[in-house]
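# Coordinate analysis (summary)
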Amino acid sequence: MKLLAAPRPPLTPASHPARRMRIMATGMLVAMALLFILARATVHLHPAIGFVQAFAEAAMVGGLADWFAVTALFRHPLGLPIPHTAIIPRNKDRIGDTLAIFLRDNFLTPAVVARRMQHMDVAAAAGRFLASPSGGDGRLREGASRLIADILEALDQERLGGMVKGAIGQRLRAINIAPLAGQAIEAAMRDGRHGPVMDGIIHWADRTLEANEHLIRQMVHDRAGKVLRWTGLDENLADAILSGLRKLLAEMAQDPGHPLRLKAEEGMAKLAFDLQYDLDMQAKVAGIRDEILDNPAMQRWIDGLWEQARAGLLRAVRDPGRAMAGRLGEALRALGGTLQQEARLRLVINRFVRRAAVGATASYGDAIVRLVSDTVRGWDAGTVTTRLEHAVGRDLQYIRINGTLVGGLVGLAIHAIDTLL
């Protein structure tokens with residue numbers, strides 16, 4: 001049985017490695033200063049103490065110089081507004097722009113992406129994972145799932161959701177629905193698949209007539225003369241109208257060659273033609289499409305669609321084993337096997353992925369660069385300083401430590417040369 005490791009406590013400011021190294025470097029500088037004071041006070045006792053004094057003096061100077069250099073990168077030393085200090089806070093905007101340009105020139109150009117993806121077999125990798133999702137390094141898979149979930153939760157939902165919903169709306173508005181609908185109607189009529197639609201319309205008309213029978217009777221009663229109402233003939237007239245309409249609908253439902261039904265089919269054929277070739281009709285359909293998309297109910301539906309997609313994606317990445325279970329899992333495993341066996345399919349998918357990545361880079365590379373630049377610009381100076389200092393803080397403190405030791409050794413060597421001469 002494997003023993004479960006105790007969870008690591010979160011890093012507090014006092015326990016951060018960079019802070020510990022800073023304390024160590026400062027402690028060495030203070031120790032060199034105390035050693036210099038002690039050696040200077042006792043140098044007359046023995047000649048060897050002079051070497052200790054020289055070492056401590058040079059180490060103190062080297063440590064102070066490197067402390068000033070390291071501190072000047074992030075803040076004003078001792079809070080004094082010395083020129084050319086606090087370099088990173090004063091130049092954070094330029095740093096963000098430079099970082100964005102570096103990403104654009106070295107990672108987000110179509111040529112670089114195409115070259116990097118030329119030898120990547122994305123389809124085969126996806127096939128291996130789908131065919132055997134439980135294989136491989138479980139910790140890597142779980143770590144990747146947690147990373148994706150954390151990224152999805154950390155992203156600004158308003159901005160990300162707005163981008164996704166905006167892209168959906170833009171795509172829907174770019175679709176010319178009229179020709180597609182006209183082609184669909186024409187194909188259905190050519191194959192005889194419009195018959196059930198006509199039957200459905202007739203049955204709907206019959207049910208509507210039955211549900212609104214009282215309205216027809218009331219309309220006949222209101223428009224009939226006083227003589228008809230006094231003699232009760234208005235009721236007979238209403239019965240005759242309703243009976244005639246029911247008989248007409250029944251005949252249309254039973255006879256595919258009924259004149260009214262053929263007339264309706266002629267109307268459908270003309271509608272299909274106009275949808276494909278009449279610019280005015282296409283403009284009307286586009287206007288209806290835009291009105292529907294601008295409707296608040298449609299906007300709420302798109303919002304719900306995005307939220308459902310995001311929630312489903314989060315559930316899938318948090319529990320990849322459950323997502324691969326059931327019929328969906330069987331279908332995905334079968335797809336994985338197909339991807340591994342069919343070389344031509346892999347070639348097509350890899351080409352599509354490569355073109356999609358290159359196209360996305362060409363279309364959205366500048367937007368990503370602006371996002372990086374704007375994000376860094378939006379940080380306050382303290383945030384930039386803290387993040388960069390924590391990222392490279394240990395190495396910076398090693399510079400101070402090495403400067404203290406190297407300075408001391410140089411001072412010791414100079415003192416030794418002076419003594420010999």
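Here is a short report on the structure shown in this document.

Quick notes on the rules
- Residues numbered from 1 in each chain as written.
- Predicted model: local features only at pLDDT ≥ 70, side-chain atom pairs only at ≥ 80, totals over all residues.
- Heavy atoms only, no water.
- Salt bridge = Lys/Arg side-chain N within 4 Å of Asp/Glu carboxyl O.
- Helix = DSSP H or I, 4+ residues; strand = E, 2+ residues; numbered from the N terminus.
- Axes fitted to C-alpha atoms, helices over the stretch in contact; angles between N-to-C directions.
- Left-handed = near helix turned anticlockwise from the far one by under 90°.
- Contact = heavy atoms within 4.5 Å.
- Nonpolar A, V, L, I, M, F, W, Y, C, P; charged D, E, K, R; others polar.
- Patch = residues over 30% accessible without salt bridge, like charges linked within 9 Å, V, L, I, M, F, W, Y side chains within 5 Å.
- Areas by Shrake-Rupley, 256 points an atom, 1.4 Å probe, with all protein chains shown as cover.
- Buried < 20%, exposed > 50% of the residue type's maximum accessible area, 1.4 Å probe, protein only.
- Parallel < 35°, antiparallel > 145°, perpendicular 65-115°, else oblique.
- Core = buried A, V, L, I, M, F, W, Y, C linked by side-chain atoms within 4.5 Å.
- Expected span 1.5 Å × (residues − 1).
- Polar contact = N/O pair within 3.5 Å; in protein donor to acceptor, adjacent residues only side chain to side chain.

## Focus: the pattern of salt bridges
- Inspection of the entire model under this criterion finds eight salt bridges.
- The salt bridge partner of Asp199 is Arg261, with a shortest N-O separation of 2.8 Å. Note that Asp199 is positioned in helix α10 (residues 195–211) and Arg261 in helix α14 (residues 259–277), a separation of 62 residues in sequence.

## Concerning the packing of helix α9 (residues 177–190) against α14
- For the pair α9 and α14, the least separation of the axes is 7 Å and the interaxial angle reads 145°. The crossing of α9 and α14 is left-handed. Residues Ala178, Pro179, Ala181, Gly182, Gln183, Ile185, Glu186 and Met189 of α9 lie in contact with α14, whose contacting residues are Glu265, Met268, Ala269, Leu271, Ala272, Leu275 and Gln276.
- When the residues that make up the contact of α9 with α14 are grouped by side-chain class, the tally is 10 nonpolar, three polar and two charged.

## Concerning a nonpolar patch on the surface
- A contiguous nonpolar surface patch, about 290 Å² in accessible area, is contributed by Val30, Leu34 and Ile37.
- Mapping Val30 onto the fold places it in helix α1 (residues 17–42).
- The exposure class of Val30 is partly exposed, given its relative accessible area of 44%.

## Quick notes on the packing of helix α5 (residues 110–117) against helix α19 (residues 343–378)
- Running from amino to carboxyl end, α5 crosses α19 at an angle of 160°, the nearest separation of the two axes being 9 Å. Taken as axis vectors, α5 and α19 run roughly antiparallel relative to one another. Two packed elements cross with a definite hand, and for α5 against α19 that hand is right-handed. When α5 is examined against α19, the residues Pro110, Val113, Ala114 and Met117 are found in contact with a partner set consisting of Val353, Arg354, Ala357, Val358, Thr361 and Ala362.
- In terms of residue class, the contact of α5 with α19 is built from eight nonpolar, one polar and one charged.

## Structural notes on the nonpolar core
- Within the largest apolar cluster, eight residues are counted, these being Ile202, Leu209, Ile216, Val220, Ala238, Leu242, Leu249 and Met252.
- When contributions to this core are tallied by element, the ones reaching two or more residues are α10, α11 (213–223) and α13 (233–254).
- Once you skip the residues sitting within four places of it in the chain, Ala238 turns out to touch Arg217 and Val220.
- If you look at the next biggest cluster of nonpolar residues, it comprises seven residues, including Leu29, Met32, Phe36 and Met60.

## Things to note about helix α15 (residues 279–294)
- Between the first and last C-alpha of α15 there are 22 Å, a value that for 16 residues agrees with the 22 Å anticipated at 1.5 Å per step.
- Near the N-terminus of α15, the side chain that reaches the backbone nitrogen of Asp280, with its oxygen 3.0 Å away, is that of Asp278.

Structural measurements only, silent on function.
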